[in-house]
Amino acid sequence: MLEQTGLELVNWARAQFALTAMFHWIFVPLTLGLSFLCAFFESIYVKTGKEEWRRLTRFWMRLFGINFAIGVATGIILEFEFGTNWSNYSWMVGDIFGAPLAIEGLVAFFLEATFFAVMFFGWDRVSKGFHLFSTWMVAIGSNLSALWILVANGWMQFPTGMAFNPDKARFEMQNFWDVLFSPVAVSKFTHTTSSGFLLGSLFVISVSSWYLLKGRHKDMAKKSIVVASVFGLLSALFVGFTGDEAAYTDAQKQPMKLAAFEGLWKGQENAGLVALGVLNPDKRPGDDKDPFIFEIRVPGLLSLLANRSPGSFVPGIDDLVYGNSAQGVMGADEKIKRGKVAIQQLAAYKKAQQLGDQVAAETALQKFNDYKAYLGFGYLDSPEQAVPPVGITFYSFHAMVALGTLFILIFFIFLVLTMKDRIEGQRALLLLGVLSLFLGFIASEAGWVVAEVGRQPWAIQDLLPVTVARTDINVGSVKTTFFMFLVTFTVLFIAEVGIMLKQIQIGPEGK
Amino acid sequence: MLLMPRKIVGFYVNGFRSMTLGKTLWKIILIKLIIIFVVIRLFFMPDYLNTRFKTDSERAQHVMNVITRVHVPGGKNLIP
Ligand code: HEM
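Residues numbered from 1 in each chain as written. Chains lettered and ligands numbered in written order. Predicted model: local features only at pLDDT ≥ 70, side-chain atom pairs only at ≥ 80, totals over all residues. Heavy atoms only, no water.

1. Some remarks on the coordination of the iron atom of the ligand
Residues and elements named next belong to chain A. Here is the rule we go by: Donor atoms (N, O, S) are those found within 2.8 Å of the metal centre, with the cutoff raised to 3.2 Å for Na, K and Ca; water is not part of the atom list, so apparent gaps in a site can occur. Site shape is set this way: if four donors have all angles between 85 and 135 degrees, tetrahedral; if opposite donors are over 155 degrees apart and all others between 65 and 115, square planar for four donors and octahedral for six; otherwise irregular. Under the scheme used here, helices are H or I runs from DSSP no shorter than 4 residues and strands are E runs no shorter than 2 residues, and both carry numbers assigned from the N terminus. Accessibility here uses a 1.4 Å probe with only protein chains present; expressed as a share of the type maximum, an area under 20% marks a residue as buried, one over 50% as exposed, and anything in between as partly exposed.
Within the protein, the iron atom of the ligand binds to H191 (NE2) and M400 (SD); these donor distances fall in the range 2.1 to 2.4 Å. For the iron atom of the ligand, the 6 donor atoms in the first shell make angles of 85 to 179 degrees at the metal, a pattern classed as octahedral. Of this pair, H191 sits in helix 8 (residues 183–214) while M400 sits in helix 15 (residues 390–419), and the two are 209 residues apart along the sequence. What makes H191 buried here is its relative accessible area of 17%.

And the structure:
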């Protein structure tokens with residue numbers, strides 16, 4: 001009974017976090033991308049001095065402003081959730097992430113109060129150069145304000161640069177630069193921000209395609225498409241490059257996630273990459289069932305991408321659960337045993353401290369340190385619990401990558417046809433252009449699903465499972481706030497879409 | 001000396017006055033902030049450890065209990 005309630009509670013808390021994070025992630029990538037596009041448009045205006053570029057800039061800036069206003073502060077709710085639903089996790093990492101996040105928030109506030117004000121109120125009131133400078137500062141500032149939260153997320157995936165202090169039950173910073181420049185944090189920041197640039201570009205393509213389909217504001221639409229498709233194409237290529245880097249760091253630091261999003265159950269040398277596939281839903285760890293109902297594989301490519309070494313061994317889910325001594329892979333079964341020793345020693349340390357027995361405390365601490373890398377596994381009951389939901393992770397990853405490839409094509413075709421002034425007659429393509437924004441959101445949300453569902457059951461990789469990270473509160477209250485957030489965000493989303501559509505309908509002439 | 005701050009204040013006041021779409025957006029922002037900070041924070045999402053415990057050492061003690069409880073004899077097993 002107790003176990004049931006615990007699971008229900010943790011699942012509601014996870015659902016709530018997923019809901020709010022995914023809603024929040026509707027506004028953020030648009031802000032990241034549109035802010036830079038506004039800066040590009042305005043730079044062209046300042047360079048050419050042409051009135052049509054000024055009107056165009058002000059139009060996109062207005063849409064950017066709507067998105068910003070509606071999205072701003074929605075991320076705070078996620079921070080509240082940490083304190084309410086995930087208090088053990090919050091306590092354990094609060095020392096490190098609390099202060100930088102607060103400083104970042106403060107800097108962002110002052111940046112916004114000054115440069116946003118100039119960006120929106122400053123037309124004709126400040127010099128062209130200062131206005132342009134402010135627009136660039138907004139773009140750079142908005143993107144930088146995503147830095148620390150992404151570094152924090154990167155740390156949860158690959159906890160480096162910190163040490164656990166058993167007296168405070170907290171992780172404490174050992175090396176700030178290791179945290180900031182960890183390979184996971186770097187690939188996360190670059191992949192995430194560039195995916196925002198891509199999405200912002202799709203937004204401009206989508207709205208402009210709609211204008212061209214309606215035969216309105218054709219000149220502005222074509223000009224916007226050229227800038228957005230150049231930025232989009234470069235961003236999409238960079239997204240592919242950083243995505244490859246993210247997959248490589250997964251292979252090194254979170255091999256279970258890689259195995260899940262590739263549907264790799266049995267490890268292989270010279271492993272192939274699944275380009276397309278349908279998973280067998282009945283497949284379970286350790287059984288001999290075929291993992292796929294259907295698949296198209298590129299031979300050897302996974303080994304190359306995962307280890308940057310052709311023919312190398314890539315561990316599968318079964319290897320990571322039950323171990324593969326021939327390949328030097330320790331299984332979750334062995335890690336669970338070691339994790340339980342770590343917990344026991346931590347408890348012994350605590351007890352010895354209470355009794356004032358320094359010798360016993362020291363011995364326990366030394367043993368704990370030997371096993372602390374496996375701490376989180378000690379909370380699992382069976383090695384199979386170390387496996388994330390494979391289906392969701394696999395399909396999300398493949399959707400993201402397939403869409404990423406499609407976007408490269410879309411940007412390229414839009415660029416070429418607009419440069420040749422042949423875009424107007426292409427109804428099917430323009431329809432695809434309108435639709436591409438929604439595909440962009442699917443890819444972007446799918447990315448977070450890969451990153452977060454793919455690392456279950458961990459709140460902090462290998463150290464703290466979600467079942468221990470959560471607060472012991474009433475499941476009813478988590479359910480209540482879940483529905484409250486659902487309503488709040490749905491209202492905000494409707495407001496966003498409604499006000500945007502109205503402004504798009506009005507077009508660049510309107511106020 | 002006083003000219004500069006006055007100019008800045010004037011810049012903001014004029015900016016706010018001449019807003020059209022911005023007025024709706026500010027309303028949305030204000031309502032949202034009230035909902036987030038007053039309703040949600042105060043009534044629904046309190047910081048669990050801050051409201052339950054007075055000092056950091058009590059908080060640390062509590063978290064330590066949770067992460068070691070599985071092995072404390074007679075302790076409630078919180079972990080499903
Ligand atoms: C083109 C090929 C792509 C590859 C190889 C790729 C690869 C990856 C990988 C491996 C992750 C998981 C990172 C982790 O473990 O934490 C990820 C996450 C993510 N991806 Fe992609 N991706 C691609 C395209 C895209 C596209 C087109 C978008 C959106 C427009 C996108 C948006 C994201 C986002 C938002 C995340 C979550 C944040 C992060 O972990 O960086 N990706 N991607």
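2. Overview of the nonpolar core
Here is the rule: What makes a nonpolar core is a set of buried Ala, Val, Leu, Ile, Met, Phe, Trp, Tyr and Cys residues whose side-chain atoms join them at distances within 4.5 Å. We call two residues in contact whenever any of their non-hydrogen atoms come within 4.5 Å of each other.
The biggest cluster of nonpolar side chains holds 79 residues, and the ones touching the most others in it are W60(A), F203(A) and F407(A). With residues near it in sequence (within four places) discarded, F407(A) still touches L198(A), L202(A), S436(A), L439(A), G440(A) and A443(A).

3. Notes on the interface of chain B and chain A
Here is the rule: When two components associate, each loses some accessible surface as probed by a 1.4 Å sphere; the sum of these losses over both components is called the buried area. Any carboxyl oxygen of Asp or Glu within 4 Å of a side-chain nitrogen of Lys or Arg constitutes a salt bridge here. Side-chain atoms alone can form a polar contact between residues adjacent in sequence; in general such a contact is a pair of N or O atoms within 3.5 Å, and within protein one must be able to donate a hydrogen while the other accepts it. Basically, the charged four are Asp, Glu, Lys and Arg, the nonpolar ten are Ala, Val, Leu, Ile, Met, Phe, Trp, Tyr, Cys and Pro, and anything else, Gly included, counts as polar.
If you look at the interface, chain B gives 44 residues, while chain A gives 63 residues. Overall, the association of chain B and chain A removes approximately 4,400 Å² of surface from exposure, summing both partners, and the carbon and sulfur fraction of that is 76%. At the surface where chain B touches chain A, the tally comes to 0 salt bridges. Taken together, the links from chain B to chain A amount to 9 residue pairs in polar contact (both at pLDDT 80 or more). When contributions to the side of chain B that touches chain A are tallied by element, the ones reaching two or more residues are helix 1 (3–17), helix 2 (21–44), helix 3 (48–52) and helix 4 (56–68) of chain B. The element that contributes the greatest number of residues to the side of chain B that touches chain A is helix 2 of chain B, accounting for 13 residues. Of the residues contributing to the side of chain B that touches chain A, the split by class is 27 nonpolar, 11 polar and 6 charged.

4. Re the side chain of N280(A)
For N280(A), the position within the fold is in the loop between strand 4 (273–279) and strand 5 (292–298). Those residues within four positions of N280(A) in sequence are excluded, and the remaining contacts are K289(A), D290(A), P291(A), F292(A) and I293(A).

5. Focus: the layout of surface pockets
All names here are of chain A. The cut-off we apply is this: Cavities and pockets were defined on a 1 Å grid built from protein atoms only: a cavity is a group of points that admits a 1.4 Å probe but offers it no way out, a pocket is an open group of points flanked by protein on both sides within 12 Å along at least five of seven lines, and a lining residue is one with an atom within 4 Å of any such point. Grid points are joined across faces, edges and corners, and a volume is the space filled by probe spheres set on the points. Domain limits in this description derive from either an automatic procedure or a database domain assignment.
In this structure, the second largest pocket occupies an estimated 1,100 Å³ of space. Along its surface, the second largest pocket is lined by 48 residues, and H191, G243, F397, M400 and V401 are the ones closest to its centre. When contributions to the lining of the second largest pocket are tallied by element, the ones reaching two or more residues are helix 8, helix 9 (218–253), helix 10 (255–262), strand 4, helix 11 (301–307), helix 15 and helix 16 (427–453). Considering each element in turn, the lining of the second largest pocket owes the most residues, 10 residues, to helix 9. Class assignment for the residues of the lining of the second largest pocket results in 28 nonpolar, 15 polar and 5 charged. For the lining of the second largest pocket, the domains that each give at least three residues are domain 1 (2–158 + 177–256 + 389–506) and domain 2 (260–327).

6. Here's the deal with the site of the ligand
Residues and elements named next belong to chain A. Formally: The nearness test applies per residue and asks whether one of its heavy atoms lies within 4 Å of the molecule or strand. Those molecules having more than half of their atoms within 2 Å of a cavity or pocket grid point set are described as sitting in that cavity or pocket.
The local shell around the ligand holds 24 residues, among which K188, H191, D250, K257 and M400 are the closest. Here an oxygen atom of the ligand and a side-chain polar atom of K188 are 2.5 Å apart. Between a nitrogen atom of the ligand and a side-chain N or O atom of H191, the distance comes to 2.8 Å. For the ligand, the cavity whose grid points lie within 2 Å of the majority of its atoms is the second largest pocket. Of all the secondary structure elements, the ones that give two or more residues to the shell around the ligand are helix 8, helix 9, helix 10, helix 15 and helix 16. At 7 residues, the largest contribution of residues to the shell around the ligand is made by helix 9. Taken together, the residues of the shell around the ligand break down into 11 nonpolar, 9 polar and 4 charged.

7. With respect to the domain arrangement of chain A
Residues and elements named next belong to chain A. As assigned here, chain A comprises domain 1 (2–158 + 177–256 + 389–506), domain 2 (260–327) and domain 3 (332–383). When each unit is reduced to the centre of its C-alpha atoms, the spacing between domain 1 and domain 3 is 40 Å. Contact residues are listed per partner, giving 7 residues for domain 1 and 8 residues for domain 3. Buried area between domain 1 and domain 3, both sides added, is near 580 Å², and the carbon and sulfur share of it is 72%. When the area that domain 1 buries against domain 3 is broken down by residue, the three leading residues are W458, D462 and L463, summing to 61%. For the pair domain 1 and domain 3, the interface holds 0 salt bridges. The interface formed by domain 1 and domain 3 holds 2 residue pairs in polar contact (both at pLDDT 80 or more) in total. Looking at side-chain class alone, the side of domain 1 that touches domain 3 contains 6 nonpolar, no polar and 1 charged residues.

8. Things to note about the packing of aromatic side chains
All names here are of chain A. The line we're drawing: Only the six-membered ring of Trp is used, alongside the rings of Phe and Tyr, when aromatic pairs are assigned; centres must lie within 6.5 Å, and planes under 30 degrees apart are stacked while those over 60 apart are edge-to-face, with the rest tilted.
Applying the stated criterion across every chain, the model contains 39 aromatic pairs over all chains. Ring centres of W148 and F176 lie 5.6 Å apart, and the angle between their planes is 5 degrees; this geometry places the pair in the stacked category. With W148 in helix 6 (residues 147–157) and F176 in helix 7 (residues 176–180), this residue pair connects regions lying 28 residues apart in the sequence. For W148, a relative accessible area of 5% translates into the label buried.

9. Remarks on the packing of helix 9 of chain A against helix 10 of chain A
All names here are of chain A. What counts here: Axis definition: a line fit to C-alpha positions, over the contact stretch in the case of helices; interaxial angles, taken between N-to-C directions, run 0 to 180 degrees. Roughly parallel covers angles under 35 degrees, roughly antiparallel covers those over 145, roughly perpendicular covers 65 to 115, and oblique covers all other angles.
Contact geometry for helix 9 and helix 10: axes closest at 5 Å, N-to-C directions at 120 degrees. Overall, the two elements helix 9 and helix 10 adopt an arrangement that is oblique. Touching A247, D250, A251, Q252 and K253 of helix 9 are P255, K257, L258 and F261, all from helix 10. Here the contact of helix 9 with helix 10 is built from residues that sort into 5 nonpolar, 1 polar and 3 charged.

10. A look at helix 3 (residues 76–85) of chain A
The element helix 3 of chain A is largely enclosed, with a buried count of 8 among its 10 residues. For helix 3 of chain A, the full list of buried residues reads I77(A), L78(A), F80(A), E81(A), F82(A), G83(A), T84(A) and N85(A).

11. Observations concerning unusual backbone geometry
All names here are of chain A. Here Q456 and P457 are connected by a cis peptide whose omega angle stands at 10 degrees. As for its placement among the helices and strands, P457 is situated in the loop between helix 16 and strand 7 (458–460). For A169, which is not glycine, the phi dihedral falls at a positive 55 degrees. Position of A169 relative to the elements: it lies in the loop between strand 1 (162–165) and strand 2 (170–173). Even without being a glycine, D421 presents a positive backbone phi close to 55 degrees.

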